[in-house]
Amino acid sequence: MKLLILNGPNLNMLGVRKPEIYGRKTLAEIMDELAAFLGGRGVQCEFLQSNHEGELIDRIHAAFGNTDGILINPGALTHYSYALRDALEAVGIPTVEVHLSDIHSRESFRSASVIEPVCIAQVSALGERSYFVGAELLLSKIGG
Ligand code: DQA
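Now for a quick tour of the structure. (Residues numbered from 1 in each chain as written. Predicted model: local features only at pLDDT ≥ 70, side-chain atom pairs only at ≥ 80, totals over all residues. Heavy atoms only, no water.)

1. A short note on the pattern of salt bridges
Side chains bearing opposite charge may pair, as long as their charged atoms lie close to each other.
Consideration 1: Tallied over the full model, the rule gives nine salt bridges.
Consideration 2: One salt bridge connects arginine 41 with glutamate 136, and the closest N-O pair in it is separated by 2.7 Å. Placement of arginine 41 in the loop between α2 (27–40) and β2 (44–49) and of glutamate 136 in helix α5 (residues 129–142) is noted, with a sequence separation of 95 residues between them.
Consideration 3: Owing to a relative accessible area of 38%, arginine 41 belongs among the partly exposed residues under this scheme. (Salt bridge = Lys/Arg side-chain N within 4 Å of Asp/Glu carboxyl O. Helix = DSSP H or I, 4+ residues; strand = E, 2+ residues; numbered from the N terminus. Buried < 20%, exposed > 50% of the residue type's maximum accessible area, 1.4 Å probe, protein only.)

2. A few points about α2
Consideration 1: Helix length check: α2, at 14 residues, gives a terminal C-alpha distance of 20 Å against a target of 20 Å (1.5 Å per residue), a fit within 8%.
Consideration 2: Along α2, the residues that are buried comprise Leu27, Ile30, Met31, Leu34 and Leu38. In a view along the axis of α2, the buried residues occupy a sector of 95°, so they form one face of it. Along α2, exposed side chains directed more than 90 degrees from the buried face belong to Asp32, Ala36 and Gly40. (Expected span 1.5 Å × (residues − 1). Arc of directions from axis to C-beta.)

3. Quick notes on the site of the ligand
Consideration 1: Near the ligand, the surroundings consist of Arg17, Tyr22, Asn73, Gly75, Ala76, His79, His99, Leu100, Ser101, Ile103 and Arg110.
Consideration 2: A distance of 2.8 Å is found between an oxygen atom of the ligand and a backbone nitrogen or oxygen belonging to leucine 100.
Consideration 3: For the ligand, whose unbound accessible area comes to 320 Å², protein coverage reaches 99%.
Consideration 4: Put simply, the ligand lies in the largest pocket. (Near = heavy atom within 4 Å. Polar contact = N/O pair within 3.5 Å; in protein donor to acceptor, adjacent residues only side chain to side chain. Areas by Shrake-Rupley, 256 points an atom, 1.4 Å probe, with all protein chains shown as cover. 1 Å grid on protein atoms, 1.4 Å probe; cavity = no way out; pocket = protein on both sides within 12 Å on 5 of 7 lines; lining within 4 Å. Sits in = over half its atoms within 2 Å of the grid points.)

4. Points about the nonpolar core
Consideration 1: Counting 23 residues, the largest nonpolar core has Ile5, Leu34, Leu38, Leu71 and Tyr131 as its most contacted members.
Consideration 2: Once residues lying within four places of it in the same chain are set aside, the contact partners of leucine 38 are Leu3, Ile5, Val43, Cys45, Ala135 and Leu139.
Consideration 3: The next biggest cluster of nonpolar side chains, apart from the first, holds 19 residues, and it includes Ile57, Leu84, Val118 and Cys119. (Core = buried A, V, L, I, M, F, W, Y, C linked by side-chain atoms within 4.5 Å. Contact = heavy atoms within 4.5 Å.)

5. Focus on the environment of glycine 144
Consideration 1: Positionally, glycine 144 belongs in the segment after α5.
Consideration 2: As a C-alpha pair, glycine 144 and leucine 88 span 56 residues in sequence and 20 Å in three-dimensional space.
Consideration 3: Not counting residues up to four positions away in its chain, the partners in contact with glycine 144 are Met1, Arg41 and Leu139.

6. Structural notes on the side chain of threonine 95
Consideration 1: Topologically, threonine 95 is positioned in strand β4 (residues 95–98).
Consideration 2: Reaching out from threonine 95, the side chain makes a polar contact with the backbone oxygen of isoleucine 93 at a distance of 2.8 Å.
Consideration 3: With residues up to four places along the chain from it excluded, the contact list for threonine 95 reads Ile70, Ile72, Leu88, Cys119, Ile120, Ala121 and Leu138.

Shown next, in the form of structure tokens:
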């Protein structure tokens, strides 16, 4: 079982960026905990954070045929990137979308996700726990 964990623009700023909304942990700390959690379940994982839409899309394409599931926090790309949406749809790999914050109770532009329709689930508002709940959900859907 192999998962790809993707984080989009500005998530490298976790720990510094609006801690009252996103928490005080760095992305590296959260991803280390996620790697340990998934490793304990015998799941192999690869991680990428990128501030570049095209780099995320290239990584999704490269996952075709060799990856069982994708867990993605697309950051602000969530709200407008049809290109990212199309990439996920093109590869057809089961994907769960996660958000630290409650995208449905913030600025109105955040409540719409163009990614959600090509995902099997969206998990938001649980802080760093969104990644773990999202991973559990993904594994339960793909049989991991
Ligand atoms: C986010 C929510 C997005 O609206 C925002 O642009 C982010 C982080 C979250 O994890 O809560 O960068 O995806």
